[in-house]
Amino acid sequence: MTLFDEPGLDGCECDMLTHDSSMNDSPSACTFRFYEELNDFLSPERCKKPFLHRFSGTPSVKDTIEAIGVPHTEVDLILVDGISVDFSHLLKGDERVSVYPTFERLDITPATRLRPTPLRKPQFVVDVHLGKLARYLRLIGFDTLYRNDYVDEDIVRLSVSERRIVLTRDRGILKRSDVTHGYWLRHTSPREQLKEVVGVFDLWARVQPFCRCIECNGNLRRVDRPSVLERIPLGIARDFQEFSLCDGCERVYWRGSHYERLARLVQELLQAAPSPPSRK
Ligand SMILES: [Zn+2]
């Protein structure tokens, strides 16, 4: 049996793959080609080139893509023999399947995107390992749910019922059929992840620092000093003029040394914005 997708055929960059007669040994096979960041999910020998994937029966294109290792939430367009299809399309064998990512900037207007309506208000639910990212996203104003005791079912439920984008380092959760909007983070450092999320979802113009509680995700509102006097140390009351109160956990915020450090982080982030920043 000739394995076109085995290492050793790396030189094959062309779209034409010769079918060997010994292919008849295998029930069915399609030629797949994944584009741009979808290659992050593939083994090196399958990256950025067509390869053959075998299967039995007539599986849906969604199941087949996930069997290859790519979560369906990352996919925005599938072409089978040049025609755009939805996830339920059944593969018979011998088709050529091209798979494009959600955030691919290619002009694919005439084709059918799988997700014609992006979530208008970007809000997130993050997995249990991303606590620091959750705090950073709240810091710059994005509604982000996180608890360190969430189980996968909680995350899926919140994603579906509140139309939240799942952010995770766990590909498994993105393969759940209920999850329609999700993103697998490439970076491991929270600061890099923050930059990654803002960049991938093009949120630069929506960044609103210091309007949300980093502890509980509540909204902050300006309050006058007398109304918070009883909750803050005397020195703070003396040295600071402006205070904010969280409408969730009633924490009081002021612009102390902690603020300076976070402000630097926000500034650093915004410096990474493409110029000029896109407006939405
Ligand atoms: Zn709070």
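Analysis parameters
Throughout this description, residue numbers start from 1 for each chain and increase along the sequence as written. Predicted model: local features are reported for residues with pLDDT of at least 70 only, side-chain atom pairs are reported and counted for 80 or more only, and whole-chain, interface and lining totals are derived from all residues. In this description a helix means any DSSP run of H or I spanning at least four residues, a strand means any run of E spanning at least two, and both kinds are numbered starting from the N terminus. Once C-beta atoms are placed from the backbone, each residue is buried if 20 or more other C-beta atoms lie within 10 Å of its own, exposed if 12 or fewer, and partly exposed for counts between those two. Paired strands, in this sense, are two strands between which DSSP finds at least two bridges. Axis definition: a line fitted to C-alpha atoms, limited for helices to the stretch in contact. Angles are taken between N-to-C directions and run from 0 to 180 degrees. Given a helix with a known number of residues, its expected span is that number minus one, times 1.5 Å. Among buried residues, those of type Ala, Val, Leu, Ile, Met, Phe, Trp, Tyr and Cys that are joined through C-beta atoms within 7 Å form a set called a nonpolar core. Residue ranges for the domains originate in an automatic or database domain assignment. The pLDDT score gives, residue by residue, the confidence of the prediction method on a 0 to 100 scale. With C-beta atoms placed from the backbone, a contact is any residue pair whose C-beta atoms sit within 7 Å. Convention used here: angles under 35 degrees read as roughly parallel, angles over 145 as roughly antiparallel, angles from 65 to 115 as roughly perpendicular, and any remaining angle as oblique. Should the near helix be turned anticlockwise from the far one by less than a right angle, the crossing is left-handed, and should it be turned clockwise, the crossing is right-handed.

Asks: Explain the overall build of the chain to me, and be specific about the residues and the numbers.
Replies: Scanning the chain from N- to C-terminus turns up eight helices and twelve strands. Classification of the 280 residues of the chain by burial places 26% in the buried group.

Asks: Pulling in residues and values, what's your account of unusual backbone geometry?
Replies: Of note in this structure, E36 is not a glycine but carries a positive phi near 50°. Topologically, E36 is positioned in the loop between β1 (28–34) and β2 (51–55). The backbone of E250 shows a phi angle near 65°, a positive value even though the residue is not glycine.

Asks: So, the sheet that holds strand β11 (residues 243–246): which residues are in play, and what are the values?
Replies: The three strands lie next to each other as β10-β11-β12, forming an open sheet whose pairing is antiparallel. Looking along the sheet, the strands with just one partner apiece sit at the ends: β10 (220–223) and β12 (252–254). Neighbour-to-neighbour, the strand axes of this sheet turn through a mean angle of 35°, independent of strand direction. Bridge count for β10 against β11 is four bridges, and the pairing is antiparallel. Along β11, the bridge assignment pairs R221 with L245.

Asks: I'd love a proper account of helix α8 (residues 257–271), names of residues and values included.
Replies: The end-to-end C-alpha separation of α8 is 21 Å, in line with the 21 Å expected for 15 residues at 1.5 Å each. Buried residues are scarce in α8, accounting for one of its 15 residues.

Asks: Can you explain the nonpolar core? Please cite residues and give values.
Replies: Among the nonpolar cores identified, the biggest contains 32 residues, and F124, V126, L133, L137, V166, L167 and L194 are the most heavily contacted of them. Every element with two or more residues in this core is listed here: β6 (124–126), α2 (131–139), β8 (165–168), α4 (171–174), α5 (190–200) and β11. Top element by residues in this core is α2. It accounts for five residues. Taken together, domain 2 (117–198) and domain 3 (209–272) each give at least three residues to this core, which thus spans both.

Asks: Tell me about the sheet that holds strand β4 (residues 83–85), and name the residues and values.
Replies: Here we have five strands laid out as an open sheet, ordered β2-β1-β5-β3-β4, and mixed in their pairing. The sheet terminates laterally at β2 and β4, the two strands that pair on one side only. Across this sheet, the average inter-strand angle for adjacent strands is 35°, counted without regard to direction. Relative to β4, strand β3 (residues 75–80) is paired through three bridges, and the arrangement is antiparallel. The residue bridging L79 from the neighbouring strand is S84, located in β4.

Asks: Mind laying out the confidence of the model for the chain, listing which residues take part and the relevant values?
Replies: Across the chain, pLDDT averages 83, with 82% of residues at or above 70. Of all helices and strands in the chain, the one with the weakest mean pLDDT is β4 (87), whereas strand β7 (residues 144–145) scores best (98). This model gives residues 1–24 a pLDDT under 50, and the stretch forms 24 contacts once residues within four places in sequence are excluded. In this model, residues 104–110 is a region of pLDDT below 50 whose contacts with residues beyond four sequence positions or in other chains number seven contacts.

Asks: Residue-level account of the environment of Y136, with values.
Replies: Along the chain, Y136 turns up in helix α2. Once the C-alpha coordinates of Y136 and V266 are considered, the two residues, 130 residues apart in sequence, prove to be 8.9 Å apart. Sequence-distant contacts of Y136, defined by excluding residues within four places in its chain, comprise P190 and L194.

Asks: Let's hear about helix α1 (residues 61–68): which residues, and what values?
Replies: An α-helix turns once per 3.6 residues; consequently, residues spaced three or four apart project the same way. Looking only at α1, the buried set comprises V61, T64, I65, E66 and I68. Residues of α1 that are buried make contact with β1, β2, β3, β4 and β5 (96–101). Just past α1, the residue G69 takes up positive phi, approximately 120°.

Asks: If you had to explain the pairing of β3 to someone new, which residues and values would you point to?
Replies: The pairing of β3 with β5 spans five bridges and is classified as antiparallel. Pairing of V80 across the sheet is with V97, part of β5. With antiparallel pairing between neighbouring strands as the criterion, β3 and β4 make up a hairpin whose turn holds two residues, including D81 at a positive phi of roughly 50°.

Asks: If you had to explain the environment of F210 to someone new, which residues and values would you point to?
Replies: On the secondary structure map, F210 appears in the loop between α5 and β10. By C-beta crowding, F210 is classed as partly exposed, having 18 other C-beta atoms within 10 Å. C-alpha separation for the pair F210 and Y253, spaced 43 residues apart in sequence, amounts to 9.3 Å.

Asks: Please provide a residue-by-residue account of the packing of α2 against α5, values included.
Replies: One can describe the packing of α2 onto α5 by two numbers: an axis separation of 9 Å at closest approach and a directional angle of 50°. With respect to each other, α2 and α5 are oriented oblique. In terms of crossing hand, the pair formed by α2 and α5 is right-handed. Note on element contacts: α5 touches α2 through P190, Q193, L194 and V197, opposite K132, L133, Y136 and L137.

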